[in-house]
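# Examination of the molecular architecture
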Amino acid sequence: MGIFRHELVIVGAGVGGLYALIRARRQGLDAVVLERGSDIGGTWYWNRYPGARCDVESFDYSFSFDEELQQEWVWTEKYAGQPEILAYLHHVAERYGLRDGVRLQTNVQSARWDEDALEWTVGTEDGDEYVAPMLIMATGVLSTPKIPDIPGIDDFRGELYNSANWPAEGVDFAGKRVAVIGTGSTGIQIIPEAAKTAGRVYAMQRTPSYSLPAHNRPLTEADQQRVKGAYPDIRKRARASMLGAFTDTFDRSALEVTAEEREAEYRRIYDYGSPMRFASAFNDLITDDEANRTARDFVDARIAERVGDPEIAARVVPNGYALATRRLCIDTGYYETYRRENVTLVDLREEPLEAITETGIRTAKREIELDMIVLATGFDAVTGTLRRLDIRGAAPSPGEEGLSLREKWDLSPDSWLGIMVHGFPNLFVVTGPGSPSVSANMFLAIEQHVEFISDLIEDSRRRGDARIEPSAEAEAAWVAHVREVSDGTLFKDATSWYTGANVAGKPRAVLQYLGGVGPYDDRLREEERAGYPGLERTPWGSRGPRAEDRGSEDHRNDKHRNEGVHA
Ligand code: N01
């Protein structure tokens, strides 16, 4: 057990944590990254199940901060698979010499703000403490798997896997009877892969998803030249766009064009293969149910064609919710898989899953004997990971226990700009609730946040702030704006992880800011230009340890670097 002092602690060595470390080092900060995994990569380290692939195109789903990096890296497919994305993150770690700043297998469990010392103490499972005045939580939005509360789950004697904690050595489906529970983005990717070699695959579907064919393909030399020749401009326009990934403007209502024009537009994007583009084919698909219905009708017909069998199609065509208010998926051969002799759809709406037994699964209608069960049951998303840690902010009054982030977010997932939380000074969240996060290209959303956070840290160092915290008013105003925007969309009625509806007891609220990446970027810039009016600041000297006791900028690194006070 030890106590380690730094100027900045970053939790999570995924895309956000690695970039935060790069930025911190460029600012001359002594920073450390704490990572529970045994390697870097975050979401792309854990989600290594067969078929794992991104649904944002690889040219977009990558760092833009360094022109040399984006010129030298060669993406081989339109949609990169998990191994390629992980290899890219390893390349980034090597290229910027990040590994010595990352403590692997360091499982953070708590973070406590000390109002006297004006610093955070981050506690790990091993009993170590990392102390720093600034704390960045880059813990990911899909990083806490939701393990379903199915009776008998511990009794199963066969192989049981969770997609978000897949064995590094891989899993052999060959000849086995495999049930995949869940048909969201993950299940839709695993089912066709398992069906290639399994004896039988049972696709256990409770809620069907909308999915489009990815039309994934190798990238050609011409693709590389086209994108790399224009990368700076592509990135600039992506930042000003709604979804942060492509820049076409869709300024027509689905209801103002003829049925033929509409069909032609849907067909054009469908044949290209991009869920983001499809969901923005017209400007009212997520705000007007009638407009949305035109997109649903188009996709429903395509799903039925792909499945073939009308009885199965009737079960896998979604109904009862608007397209894109649950994640609009992409797939490679998912619906066609139901044409295979060795694939059985189990519709859990007709025969609810009652229990997992020692030998398989019992539904309301039958016993299914199994060798393997795969849980593709999703995540306690966006706020889940931080709610599970014991994070204590400022005490309401002296002598009292610090405010609990879990308790605060159990009421409502409030934040200021999705980045800071009132009551939690000097704590920064990468892609927190109330920011574009998963409704955008995550790489860009993460860059946007890390840059705002590091600029803010730099600004407060320059001003001599010891403590910065969003005011209650600024937080409330942002929360009201996020809600006003989502109330104008069909997302407010979504029953998916987008609104926390997939986790019992979680407050229902749209967890993303739906105003668009570009307008959100403008809002961040405005805040910076105005000198961060949403923040309350406390300079060194007025409270807490005196500035000179904490080291001047010149020798700060030496003073705070790993003092390693070993207990
Ligand atoms: O999780 P999900 P996911 N009994 O929540 C079912 C990203 N992602 O891991 O909806 C039976 O979407 C549940 O049914 P229901 C992407 O952002 C991206 O698939 O609760 N079923 C649902 O069908 C995505 O949105 C990529 O009725 C149960 C499924 O499990 C996000 O991750 C790839 C159940 C969970 O679907 C999450 O996707 C993979 C139970 N007790 C993931 N509990 C790409 O980039 C849950 N389910 C392509």
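Residues numbered from 1 in each chain as written. Predicted model: local features only at pLDDT ≥ 70, side-chain atom pairs only at ≥ 80, totals over all residues. Heavy atoms only, no water.

## Thoughts on the overall build of the chain
- A count of helical and extended segments in the chain gives 18 helices and 23 strands.
- A compact globule built from 567 residues should have a C-alpha radius of gyration of about 24 Å, and the chain, at 24 Å, falls within 12% of that.
- Taking the principal axes of its C-alpha atoms as reference, the chain extends roughly 75 × 55 × 45 Å.
- Residues classed as buried in the chain amount to 60% of the 567 residues present.
- Within the chain, contacts between residues at least 6 apart in sequence are counted, and of these 72% link residues at least 24 apart.
- Split by element, the accessible area of the chain, about 22,600 Å² in all, is 48% carbon and sulfur. (Helix = DSSP H or I, 4+ residues; strand = E, 2+ residues; numbered from the N terminus. Rg over C-alpha atoms; globule rule 2.2 N^0.38 Å. Buried < 20%, exposed > 50% of the residue type's maximum accessible area, 1.4 Å probe, protein only. Contact = heavy atoms within 4.5 Å. Areas by Shrake-Rupley, 256 points an atom, 1.4 Å probe, with all protein chains shown as cover.)

## Considering the sheet that holds strand 4 (residues 102–103)
- Taken in spatial order, the five strands line up as 4-3-2-8-20 in an open sheet, and their pairing is parallel. The sheet is open, and its two edges are formed by strand 4 and strand 20 (427–429), each paired on a single side.
- In this structure, strand 8 (residues 134–137) lies alongside strand 20, joined through three bridges in parallel fashion. Within the sheet, the bridge partner assigned to Leu135 lies in strand 20 and is Leu427. (Pairing = 2+ DSSP bridges.)

## Examining the pattern of salt bridges
- The tally for this structure, following the rule as stated, stands at 51 salt bridges.
- The salt bridge involving Arg95 is made with Asp66; its shortest N-O contact spans 3.5 Å. Of this pair, Arg95 sits in helix 4 (residues 82–95) while Asp66 sits in the loop between helix 2 (43–46) and helix 3 (67–72), placing them 29 residues apart in sequence.
- Relative accessible area serves as the criterion here: at 29%, Arg95 is assigned to the partly exposed category.
- The salt bridge partner of Arg461 is Glu458, with a shortest N-O separation of 3.8 Å. Placement of both Arg461 and Glu458 in helix 15 (residues 442–463) is noted, with a separation of three residues, approximately one turn of the helix.
- In this structure, a network of salt bridges that share partners links the residues Arg239, Glu447, Glu451, Asp521, Arg525 and Glu528. (Salt bridge = Lys/Arg side-chain N within 4 Å of Asp/Glu carboxyl O.)

## Looking at the site of the ligand
- Around the ligand, 24 residues are found, and the nearest of them are Thr186, Arg206, Thr207, Arg326 and Trp497.
- At a separation of 3.2 Å, an oxygen atom of the ligand approaches a polar backbone atom of Arg53.
- Interatomic distance of 2.8 Å between a side-chain N/O atom of Arg206 and an oxygen atom of the ligand.
- Protein coverage of the free-state accessible area of the ligand, which is 920 Å², stands at 88%.
- A per-element tally of the shell around the ligand places helix 5 (residues 185–195) first, with three residues.
- When grouped by side-chain class, the residues that make up the shell around the ligand number nine nonpolar, nine polar and six charged. (Near = heavy atom within 4 Å. Polar contact = N/O pair within 3.5 Å; in protein donor to acceptor, adjacent residues only side chain to side chain. Nonpolar A, V, L, I, M, F, W, Y, C, P; charged D, E, K, R; others polar.)

It is worth stressing that arrangement in space is one thing and function is another; only the former is reported here.
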